[in-house]
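What follows is the residue order along each chain.
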Amino acid sequence: MGAYECTRCGACCVAPDIAALDKPLGLRCPHLGADNLCTVYENRPEVCRSYAADELCKRIEAPTLEERVQKYLAHFELTEEADAVRASGATSILRRA
Ligand code: SF4
Ligand code: SF4
C-alpha cells in the first residue's frame, strides 16, 4: 500500500487528458458517474488501473471537485489550455461505448 490514500475525489478522472479514452484535458470522463465514482471500475482501462494516489492528491485537496481540478491544472500550468478546450466546446468521445 502506498503512502498516499486515494480519497476517490474524482479529480484524476476530470483534469488530465487521457489518450486511451480520447478524453480531453479538463473534461469529465464519460465513465465518471454523478457520484464521482467510476461506473466501469471493474473494466476500466489499464491507464486507470496503473494510476495510483500520490502527493499530488494531497496538494490538490479542496472542498469541491471543480476546485481540485483547477488546482491540478494549475499545478501543471495547464489552466489556459484547459480553458481553451472547454471554450472550443470539445466533448469526450469514446472509442468504445
Ligand atoms: S486525484 Fe488522487 S485522491 Fe483523487 S481520485 Fe484520483 S488518485 Fe484518488
Ligand atoms: S474510466 Fe473510470 S477510472 Fe478511468 S478516467 Fe474514466 S471514470 Fe476515471
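Going by the structure above, here's the rest.
Remember, predicted model here, so these are calculated numbers, not experimental data.

1. Observations regarding the layout of surface pockets
By volume, the largest pocket amounts to about 870 Å³. In this structure, the largest pocket is lined by 35 residues; those nearest its centre are Cys6, Cys12, Cys13, Cys48 and Tyr51. Going through the elements one at a time, helix H1 (46–49) and helix H2 (55–59) are the ones with two or more residues in the lining of the largest pocket. Per-class residue counts for the lining of the largest pocket are 25 nonpolar, 5 polar and 5 charged.

2. Overview of the site of ligand 1
Taken together, Cys6, Thr7, Arg8, Cys9, Gly10, Ala11, Cys12, Tyr51, Ala53 and Cys57 form the complete shell of residues around ligand 1. Applying the majority rule of atoms within 2 Å of the grid points places ligand 1 in the largest pocket. For the shell around ligand 1, the per-class residue count stands at 7 nonpolar, 2 polar and 1 charged.

3. Considerations on the site of ligand 2
In the region of ligand 2, the neighbouring residues are Cys13, Ile18, Leu21, Cys29, His31, Leu32, Cys38, Val40, Pro45 and Cys48. For ligand 2, the cavity whose grid points lie within 2 Å of the majority of its atoms is the largest pocket. A per-class count over the shell around ligand 2 returns 9 nonpolar, 1 polar and no charged.

4. Observations regarding the pattern of salt bridges
Within this structure, the stated rule accounts for 3 salt bridges. Put simply, Lys58 and Glu61 hold a salt bridge, and the shortest N to O gap is 3.6 Å. On the basis of relative accessible area, Lys58 is assigned to the exposed category, the value being 51%. The class for Glu61 is partly exposed, based on a relative accessible area of 44%.

Parameters and conventions
- Residues numbered from 1 in each chain as written.
- Chains lettered and ligands numbered in written order.
- Predicted model: local features only at pLDDT ≥ 70, side-chain atom pairs only at ≥ 80, totals over all residues.
- Heavy atoms only, no water.
- 1 Å grid on protein atoms, 1.4 Å probe; cavity = no way out; pocket = protein on both sides within 12 Å on 5 of 7 lines; lining within 4 Å.
- Points joined across faces, edges and corners; volume = space filled by probe spheres on them.
- Helix = DSSP H or I, 4+ residues; strand = E, 2+ residues; numbered from the N terminus.
- Nonpolar A, V, L, I, M, F, W, Y, C, P; charged D, E, K, R; others polar.
- Near = heavy atom within 4 Å.
- Sits in = over half its atoms within 2 Å of the grid points.
- Salt bridge = Lys/Arg side-chain N within 4 Å of Asp/Glu carboxyl O.
- Buried < 20%, exposed > 50% of the residue type's maximum accessible area, 1.4 Å probe, protein only.

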